[in-house]
Amino acid sequence: MFLEKYKNRYSFNFLAVCGWIVFVLFSMCFFPLIFIRGAGISPVIAWMFGIIFLLDILFCILTFVIYVFEIIFNLRISNQKFLQSRKIYILQILGIGFSVFPIMFMVLSFVFDYITELFSSLIGLNNF
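Our subject in this report is the structure included herewith. In this text, all values refer to a predicted model and were calculated from it rather than measured experimentally.

The rules behind the values
Residues numbered from 1 in each chain as written. Predicted model: local features only at pLDDT ≥ 70, side-chain atom pairs only at ≥ 80, totals over all residues. Heavy atoms only, no water. Helix = DSSP H or I, 4+ residues; strand = E, 2+ residues; numbered from the N terminus. Buried < 20%, exposed > 50% of the residue type's maximum accessible area, 1.4 Å probe, protein only. Areas by Shrake-Rupley, 256 points an atom, 1.4 Å probe, with all protein chains shown as cover. Expected span 1.5 Å × (residues − 1). Bend = angle between axes of the 7 residues up to and from the residue. Contact = heavy atoms within 4.5 Å. Polar contact = N/O pair within 3.5 Å; in protein donor to acceptor, adjacent residues only side chain to side chain. Salt bridge = Lys/Arg side-chain N within 4 Å of Asp/Glu carboxyl O. Phe/Tyr/Trp six-rings, centres within 6.5 Å; stacked < 30°, edge-to-face > 60°.

## Here we look at the overall build of the chain
- When helices and strands are tallied, the chain shows four helices and zero strands.
- Going from the N terminus to the C terminus, the chain shows its helices and strands as α-α-α-α.
- Across the 128 residues of the chain, 26% fall into the buried class.
- Surface summary for the chain: the accessible area is close to 9300 Å², and the carbon and sulfur share equals 76%.

## Here's the deal with helix α4 (residues 86-123)
- Over its 38 residues, α4 runs 52 Å from end to end, which matches the ideal 56 Å to within 8%, given 1.5 Å per residue.
- Phe-101 marks the point of greatest bend in α4, at about 30°, and the proline Pro-102 comes within the next four residues.
- Among the residues of α4, Tyr-89, Gln-92, Gly-95, Ile-96, Ser-99, Pro-102, Met-106 and Ser-120 are the ones counted as buried.
- Tucked inside the fold, the buried residues of α4 contact α1 (10-30), α2 (43-73) and α3 (80-83).
- One side-chain oxygen at the N-terminal end of α4 lies 3.4 Å from the backbone nitrogen of Ile-88; it belongs to Ser-85.

## A look at the pattern of salt bridges
- Under the criterion given, the structure shown has two salt bridges.
- Of the charged contacts in the structure, one is a salt bridge between Glu-4 and Lys-7, with a shortest N-O distance of 3.7 Å.
- Take Glu-4: its relative accessible area is 37%, and that puts it in the partly exposed class.
- Residue Lys-7 is classed as buried on the basis of its relative accessible area of 13%.
- A salt bridge links Glu-70 to Arg-9; the nearest nitrogen and oxygen atoms lie 3.7 Å apart.

## A few points about the packing of aromatic side chains
- Taken as a whole, this structure holds nine aromatic pairs when the rule is applied.
- On the basis of an interplanar angle of 85° and a centroid distance of 4.9 Å, the ring pair of Trp-20 and Phe-98 is categorised as edge-to-face. Residue Trp-20 is found in helix α1, and its partner Phe-98 is found in helix α4; the two are separated by 78 residues along the sequence.
- Plain terms: the ring middles of Phe-69 and Phe-73 are 6.1 Å apart, the flat faces sit at 5° to each other, and that makes the pair stacked. Placement of the pair is Phe-69 and Phe-73 together in helix α2, with a separation of four residues, close to one helical turn.

Below, the structure is given as structure tokens:
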């Protein structure tokens, strides 16, 4: 896999841990709303997701800064027991996925909104 070469970097592991933090925040804010009938998206929920999104962007910026320092000072994780652990690798991959989720959610929501507006203008639904 292409992520194998990054698992010995501190920045990769920092982003994975931050992904788990984002997942916990996301689950605390949104998963209880699944069971509430008619909850919808309230402005408070939108603000909470915006805060989580901005926190995720901050984590990505910090990851980039850590990556730059790794390159400058030539830092790597050398603990072979940590690097060869399958459980750690699975947790890293899940953490990276959780870190990317809010960014992809925002991008896809804007793309789908744009596509919906485009199709509604093409078929003439905005005349009502």
